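Structure at a glance
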Amino acid sequence: MVLFPYLMSGTAGVKRITIDLSFFLLSRMVVYAFLAVISWYLGKTFLTNQVVREVVPGILYIVFAMMLIWYAVDRNRQKECPAKFVTTVNNRKLIPVFLGVVNSLGFCPALFLILTKGASEGSLSESLLAFLFFFIGSSLWFLPLPLAGKLKKKKVFETIGILATGLAGVIFVIKGLTILIGGKING
Amino acid sequence: MDNTLPGFSLRKSFGKSLLYSLPMILITFVFISGGRPDFSDPLSAIASLATFMLVNVLYFLMHYTGKTDRFRAVLFIIFALSLSFTLISNMVETRNSMSFSQADILECKIPFCHLVIPMMIIPAAFTKSIIFPGTILGSFAGIASMVVLWLVATLVLGRGFCSWGCFYGGWDDGFSRLRKKPLLKKINDIWKWMPFAVLLMVSLTAALSLVPTYCDWICPFKAVTEFEEVTSVESAVKAGVFISLFAGLVVVLPVMTRKRTQCSFLCPLGAINTLSNKITPFTVKIDKASCTECFKCVAACPLFALNQEGIKSGKVSVFCSKCGKCLDVCPNNAIHYGIKGVPSGTMKKFSRNLILFVSFLFMAVFASGSIIITVRGLLDLIF
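Residues numbered from 1 in each chain as written. Chains lettered and ligands numbered in written order. Predicted model: local features only at pLDDT ≥ 70, side-chain atom pairs only at ≥ 80, totals over all residues.

Bringing the overall build of chain B into the picture now. A count of helical and extended segments in chain B gives 17 helices and 4 strands. For 383 residues, the compact-globule formula gives about 21 Å, and the C-alpha radius of gyration of chain B, at 21 Å, lands near that figure. Principal-axis analysis of the C-alpha atoms places the extent of chain B at approximately 65 × 55 × 40 Å. Evaluated residue by residue, chain B yields a buried proportion of 47% over its 383 residues. In chain B, 74% of the contacts between residues at least 6 apart in sequence involve partners at least 24 apart. (Helix = DSSP H or I, 4+ residues; strand = E, 2+ residues; numbered from the N terminus. Rg over C-alpha atoms; globule rule 2.2 N^0.38 Å. Buried ≥ 20, exposed ≤ 12 C-beta atoms within 10 Å, placed from the backbone. Contact = placed C-beta atoms within 7 Å.)

Now the structure itself:
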């Protein structure tokens, strides 16, 4: 829900994904499954009290959503690809795998939000499901890239992505506030 | 008279205007009376006659005065008000309340509106199911009839649907006309892409959660139609969001900017209709030979479809809803309705007559039912 427009508004290089897209996506899926387990375990360990279990995610939603909104409105953010060091890897077959891992671990506001969701879920399967949706939503963007790589360069798509990112942030602020004042939101 | 001459006018004589109005008079008569006028209930007959007169007088005046938007807007605003009146009175009659309960959702009793359509497409394609708790073939706001109406209108009119067919657009159109001059003039162009962002978000969230998220969380018109019963913090927050968005985007900002801000900055269906503008045969064109670049049309456009660069290059953007406001303010009739493939500056009268007939007929047929019910309701109150 969040990363799809988030990536749309980003400027990270993706050309090399066209070569080994499947390895790239597979490595992302593995990392997200790992993060789902970690976040659920941390939630289960530290968010034991019912009040804490509702208050902490509520606050985190608001904080990370604000970061997401800041990402959307800040026009001076670093535009360099965080996975630049991967170019130093000599083994060509490993590059898409490394890229997948680095891309998944690019701790952006959207990932923080989904980590919060994973931690606040009641069971491991629910946490895995949340990350699966996150993986699907964030992978959709990569699928047409081999065919339509130039799409991202168009200013209008970047604008829509930025606006959608800001909108997602506003939605999560409302979600966080609702949880904090005692509401329960599904989805 | 040559279409490109400065003295060119779209006004017609009384007789000619009446002649041009005849097809509309006949079709609306058949539609409103069902072919057989019934005088057994005098109040219903008066309501039908008043609606028939209103619709046809407005259409006649469009031809007689050569003005489009001022008469379109009258019917468009009455349509929006009467639709809300009809919906609310229907709900009060059937449920004794404007709010719906969980039981109404489970029994699929929620009236369907066209704003749900963008959220239905992906889930319908993958799950073969409609994610809205309404009736498919119901006589009142059924899903099938609304989808067909919208599809036909948007294929023919493109984003013209937003100014000739949408029963909510009249709300912010009405409020945008309250002040003569805008208080807020400079609005960043970037916001006109917001409906696409909303479309992206609600399509994704609806596909993942199988819930029409726009209706559930965002729709400002919940404030004047129906809303979820406030029984929890979540439903109270939702009600707060609906009312805030209605107050902000439908009332305050249109008054301050003289623009239709809800339609320009939020509506996801408007985004889809904008795309359909690419395929519709009807359009608005700029006759560069007659244009003096006074940019009155840019200031008047309620949907940010015109800008100075576009006028200079003779282009109207895909955001145009063919409302006709720019046509009315142009001192030289340089901006005009046109048909794709026909050079700008030619066939101005023919294009206008054709587009007015199709667009107005759609609005008249779509609106007359709710206007009759509203007039009848008002007559009941008086007598």
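Across its full length, chain A carries 8 helices and 0 strands. Taken from N to C terminus, the helices and strands of chain A fall in the order α-α-α-α-α-α-α-α. With 187 residues in all, chain A has 37% of them scored as buried. Sequence-distant contacts in chain A: of pairs separated by 6 or more residues, those separated by 24 or more amount to 85%.

Residues and elements named next belong to chain B. Once the domains are mapped, chain B shows domain 1 (2-6 + 11-94 + 347-383), domain 2 (98-279) and domain 3 (281-346). Relative to domain 3, the C-alpha centre of domain 1 lies at a distance of 26 Å. Listed per partner, the contact involves 14 residues of domain 1 and 19 residues of domain 3. When residues of the side of domain 1 that touches domain 3 are traced back to their parent elements, those giving at least two are α3 (69-95) and α17 (348-382). Considering every element that reaches the side of domain 1 that touches domain 3, the biggest residue donor is α17, with 5 residues. Residue composition of the side of domain 1 that touches domain 3, by class: 3 nonpolar, 5 polar and 6 charged. (Domains from an automatic or database assignment. Nonpolar A, V, L, I, M, F, W, Y, C, P; charged D, E, K, R; others polar.)

Let us look at helix α2 (residues 42-65) of chain B. All names here are of chain B. Taking 1.5 Å per residue as the helical rise, α2 with its 24 residues ought to reach 34 Å, and the 33 Å between its terminal C-alpha atoms agrees with that figure. Residues of α2 that are buried include every one of Ala47, Ser48, Thr51, Phe52, Val55, Asn56, Leu58, Tyr59, Phe60, Met62 and His63, and no others. Buried positions along α2 lie against α1 (14-33), α3 and α17. Backbone geometry just downstream of α2 places glycine 66 in the positive-phi region, at approximately 80 degrees. (Expected span 1.5 Å × (residues − 1).)

Moving on: the environment of Ala80(B). Considering the arrangement of structural elements, one finds Ala80(B) in helix α3. Put simply, Ala80(B) and Pro331(B) are 251 residues apart on the chain and 30 Å apart in space, counted from C-alpha to C-alpha.

On to the pairing of strand β4 (residues 335-339) of chain B. Side chains on a regular strand alternate between the two faces of the sheet. All names here are of chain B. In terms of burial, β4 is a largely internal element, 4 of the 5 residues being buried. Sheet analysis places strand β3 (residues 282-286) next to β4, joined by 5 bridges and oriented antiparallel. Each bridged residue has a counterpart across the sheet, and for isoleucine 286 the counterpart in β4 is isoleucine 335. (Pairing = 2+ DSSP bridges.)

Below, the discussion takes up the packing of α1(B) against α17(B). All names here are of chain B. Put simply, α1 and α17 touch, their axes get as near as 11 Å, and they point 20 degrees apart. When the axes of α1 and α17 are compared, the pair comes out roughly parallel. Here α1 runs over α17; the crossing is right-handed. Contact with α1, carried on its side by Tyr20, Pro23, Met24, Ile27, Thr28, Phe31 and Ile32, involves Asn353, Phe357, Phe360, Leu361, Ala364, Val365 and Ser368 of α17 and no other residues of that element. By residue class, the composition of the contact of α1 with α17 is 11 nonpolar, 3 polar and no charged. (Axes fitted to C-alpha atoms, helices over the stretch in contact; angles between N-to-C directions. Parallel < 35°, antiparallel > 145°, perpendicular 65-115°, else oblique. Left-handed = near helix turned anticlockwise from the far one by under 90°.)

Looking now at the environment of Phe161(B). Residues and elements named next belong to chain B. Relative to the elements of secondary structure, phenylalanine 161 occurs in helix α7 (residues 161-164). Phenylalanine 161 sits 112 residues away from asparagine 273 along the chain, and the two C-alpha atoms are 7.3 Å apart. Leaving out residues up to four positions away in the same chain, phenylalanine 161 has contacts with Trp150, Ala153, Thr154, Cys166 and Asn273.

Turning our eyes to something else, we now look at the confidence of the model for chain A. Residue and element names in this part refer to chain A. For chain A, the average pLDDT comes to 70, and 62% of its residues sit at 70 or higher. Taking the mean pLDDT of every element in chain A, the minimum, 45, falls on helix α1 (residues 3-9) and the maximum, 83, on helix α2 (residues 21-46). Every residue in residues 1-7 is under pLDDT 50, and counting partners more than four places away or in other chains gives 29 contacts. (pLDDT = per-residue confidence, 0-100.)

Okay, unusual backbone geometry next. Residues and elements named next belong to chain B. Look at arginine 258: it is not a glycine, yet its phi comes out positive at around 60 degrees. Within the fold, arginine 258 resides in the loop between α11 (233-257) and α12 (261-265). Residue phenylalanine 295 is not a glycine yet carries a positive backbone phi of 60 degrees. Position of phenylalanine 295 among the secondary structure elements: in the loop between β3 and α14 (296-300).

An ideal rise of 1.5 Å per residue puts 39 Å on 27 residues; α3(B) measures up with 38 Å between its terminal C-alpha atoms. Looking at the residues trailing α3(B), positive phi occurs at Asn96(B), about 65 degrees.

With that settled, consider the nonpolar core. Counting 129 residues, the largest nonpolar core has Phe79(B), Ala197(B) and Met201(B) as the members making the most contacts within it. Broken down by element, the residue count for this core peaks at 11 residues, all from helix α9 (residues 194-209) of chain B. (Core = buried A, V, L, I, M, F, W, Y, C linked by C-beta atoms within 7 Å.)

Reading predicted coordinates in detail is not appropriate for stretches of low pLDDT. Mean pLDDT for chain B: 86, with 92% of residues reaching 70 or above. Among the scores for the predicted complex, ipTM is 0.80 and pTM is 0.79.

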